[in-house]
Every structure is written in C-alpha cells, then in structure tokens.
Amino acid sequence: MHFTTTFSLPLSMVWWSYFGLSGLNISPMSTPKVLRWTGVGFLMLVLIFLRPIGAEFLYDPLKDFFHNPKFRSLPLPEIELTLFSISITIKYLINSILSILIIWLLFLDKELVKLSAVLFGLFYVVLLTVLIIVLRTATNEEYLLLFYLRRILYHPLLLLLLVPAFYFYRGTQQSNG
C-alpha cells in the first residue's frame, strides 16, 4: 500500500497538470512548481533505484561478462537472444516512460513529449538492431562496442541529452518570440 501511494503521486501530478483536478479545468502552467519538482525528483529516484532491481530480475548474461577485467580475451557467454531482447525491451520501456514523464513535468509541453516519444522509439529500434547484429558477429575487438550499445539501452542516457536540448530550444524560442 505504501508503494502504491508513493508511486501514484507523480502520476497523479501529471494527470492533474494535464487534465485538471477533479473536473476543474486547471491549465498545466498553474501546477505548483514545488509539486512538479517533487515529481521530477521522485522519478529520478525511481530511475536510480530501478537499476539494481532490474539487474536482479532481468536476464543479462553480459553483466558478469563485462565485470571481468579480462573480458576482451574471453569468448562471449551463451546468450538466449529472444530472452535478452525481451529483457532489454522491458528495461528500455520502463526507462523511457519515466524519462517522458520527467520531460512532461519539466516542460509541460505536449509537442516535446511527442517528440521525445518518437526519439525514444527510433533510438530503441536502431540501437537494438545494431546490438543484435553485433552480438551475432562480435569478435574480441568489438566487445567494447557491444558494451556501450548495451549500456545505452539499459540506462536513460537519452534523457540526459534531451533535457538540456529542450531547455536550449525553449530559451531560443523565448528570445526569438
């Protein structure tokens, strides 16, 4: 019950800021900044604490492989590609949803949220395709590429790129407008 109450707070803030509170037509900009920043902070904590939980429950045979300091001289472990792809998809989907909620709370702009969703989708398709190709053809020299592709898919790095870009975009729009 405590988890549900805690988890529903940022989702309810997004709901209230987007659709209004109890039928009242409250605009997104009238949402108190304290609530928005609290939601952003909470979602960032969820992203941080999601990492060890995901490592515990999701299939990732490469995690232990890359922790070995001599991984470049070792053969890749046996990987069940379907299960590995499903695990990466689950992790990426959760990270993407949380990242898009953070972007919504920071900017309260439907167009930026739509753009973010499209970018997250495109990055997923391209990176997962490249990851699968590299997994099937990897040699010892390509292990670092494999490491970084997996890392980009497992961590919300796109959020770290989009937020400053959107702040810059918003600043240029305000100075030109």
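This text follows the structure it describes.
All of the points below concern the structure found in this document.

1. Overview of the overall build of the protein chain
Turning to step 1, where the next piece is worked out: If you tally the helices and strands in the protein chain, you get 7 helices and 0 strands.
Turning to step 2, where the next piece is worked out: When the elements of the protein chain are put in sequence order from the N terminus, they spell out α-α-α-α-α-α-α.
Turning to step 3, where the next piece is worked out: Counting across all 177 residues of the protein chain, residues that qualify as buried make up 36%.
Turning to step 4, where the next piece is worked out: Partitioning the intrachain contacts of the protein chain with sequence separation of at least 6 by distance along the chain shows that 74% fall at a separation of at least 24.
Turning to step 5, where the next piece is worked out: Only carbon and sulfur atoms are counted for the fraction: they give 70% of the accessible area of the protein chain, which is about 11100 Å².

2. Here we look at the nonpolar core
Generally speaking, a soluble globular protein has its nonpolar side chains buried in company with each other.
Turning to step 1, where the next piece is worked out: Within the largest apolar cluster, 44 residues are counted, with the highest numbers of intra-cluster contacts made by Phe 66, Ile 103, Leu 131 and Leu 153.
Turning to step 2, where the next piece is worked out: Counting only elements with at least two residues in this core, the list comes to α2 (33–57), α3 (61–67), α4 (81–107), α5 (110–137), α6 (143–154) and α7 (157–176).
Turning to step 3, where the next piece is worked out: Here the element with the most residues in this core is α4; it accounts for 13 residues.
Turning to step 4, where the next piece is worked out: Residues contacting Leu 153, with those up to four places away along its chain left out, are Ile 88, Tyr 92, Tyr 124, Leu 127, Leu 128 and Leu 131.

3. Description of α4
Turning to step 1, where the next piece is worked out: Between the first and last C-alpha of α4 there are 38 Å, a value that for 27 residues agrees with the 39 Å anticipated at 1.5 Å per step.
Turning to step 2, where the next piece is worked out: The buried fraction of α4 amounts to 19 of the 27 residues, a majority that puts the element mostly inside the structure.
Turning to step 3, where the next piece is worked out: Where α4 terminates, the next one or two residues include Leu 108, which has phi positive at roughly 50°.

4. Details of the side chain of Ser 99
Turning to step 1, where the next piece is worked out: Summarising the element assignment, Ser 99 is placed in helix α4.
Turning to step 2, where the next piece is worked out: We classify Ser 99 as buried; its relative accessible area is 0%.
Turning to step 3, where the next piece is worked out: Polar contacts involving the side chain of Ser 99 include one to the main-chain carbonyl oxygen of Asn 95, which spans 2.7 Å.
Turning to step 4, where the next piece is worked out: The contact partners of Ser 99, leaving out residues within four places of it in the chain, are Leu 47, Phe 120, Pro 156 and Leu 159.

5. Observations concerning the packing of α4 against α5
Turning to step 1, where the next piece is worked out: Relative orientation of the contacting elements α4 and α5 amounts to 160°, with a least axis distance of 10 Å. Relative to α5, the element α4 is oriented roughly antiparallel. Considering the relative orientation of α4 and α5, their crossing is right-handed.

6. Things to note about the environment of Ile 132
Turning to step 1, where the next piece is worked out: With respect to the element layout, Ile 132 can be found in helix α5.
Turning to step 2, where the next piece is worked out: In the structure, Ile 132 is positioned 47 residues away from Ser 85 in sequence and 8.3 Å away in space, judged by C-alpha atoms.
Turning to step 3, where the next piece is worked out: Contacts of Ile 132, omitting those with residues within four sequence positions, involve Leu 81 and Ser 85.

7. Focus: the pattern of salt bridges
Turning to step 1, where the next piece is worked out: According to the stated counting rule, one finds 2 salt bridges in the structure shown.
Turning to step 2, where the next piece is worked out: We note a salt bridge from Arg 150 to Asp 60, for which the minimum N-O separation is 2.7 Å. With Arg 150 in helix α6 and Asp 60 in the loop between α2 and α3, the pair connects residues that are 90 residues apart, well separated along the chain. No difference in accessibility class separates Arg 150 from Asp 60, as the two residues are buried.

8. Some thoughts on the packing of aromatic side chains
Turning to step 1, where the next piece is worked out: In this structure the tally under the stated criterion is 10 aromatic pairs.
Turning to step 2, where the next piece is worked out: Between Phe 65 and Tyr 143 the ring centres are 5.3 Å apart and the planes differ by 80°, which places this aromatic pair in the edge-to-face class. In this pair, Phe 65 sits in helix α3 while Tyr 143 sits in helix α6, placing the two residues 78 residues apart along the sequence.
Turning to step 3, where the next piece is worked out: Taking relative accessible area as the criterion, Phe 65 reaches 7% and is therefore assigned buried.
Turning to step 4, where the next piece is worked out: A relative accessible area of 3% places Tyr 143 in the buried class.
Turning to step 5, where the next piece is worked out: Between Phe 66 and Phe 147 the ring centres are 5.1 Å apart and the planes differ by 70°, which places this aromatic pair in the edge-to-face class. Of this pair, Phe 66 sits in helix α3 while Phe 147 sits in helix α6, and the two are 81 residues apart along the sequence. We note that Phe 66, like Phe 147, is buried.
Turning to step 6, where the next piece is worked out: Each member of the aromatic cluster is reached from another via a ring pair, and the members are Phe 65, Phe 66, Phe 71, Tyr 143, Phe 147 and Tyr 148.

What counts, and where the lines are drawn
- Residues numbered from 1 in each chain as written.
- Predicted model: local features only at pLDDT ≥ 70, side-chain atom pairs only at ≥ 80, totals over all residues.
- Heavy atoms only, no water.
- Helix = DSSP H or I, 4+ residues; strand = E, 2+ residues; numbered from the N terminus.
- Buried < 20%, exposed > 50% of the residue type's maximum accessible area, 1.4 Å probe, protein only.
- Contact = heavy atoms within 4.5 Å.
- Areas by Shrake-Rupley, 256 points an atom, 1.4 Å probe, with all protein chains shown as cover.
- Core = buried A, V, L, I, M, F, W, Y, C linked by side-chain atoms within 4.5 Å.
- Expected span 1.5 Å × (residues − 1).
- Polar contact = N/O pair within 3.5 Å; in protein donor to acceptor, adjacent residues only side chain to side chain.
- Axes fitted to C-alpha atoms, helices over the stretch in contact; angles between N-to-C directions.
- Parallel < 35°, antiparallel > 145°, perpendicular 65-115°, else oblique.
- Left-handed = near helix turned anticlockwise from the far one by under 90°.
- Salt bridge = Lys/Arg side-chain N within 4 Å of Asp/Glu carboxyl O.
- Phe/Tyr/Trp six-rings, centres within 6.5 Å; stacked < 30°, edge-to-face > 60°.

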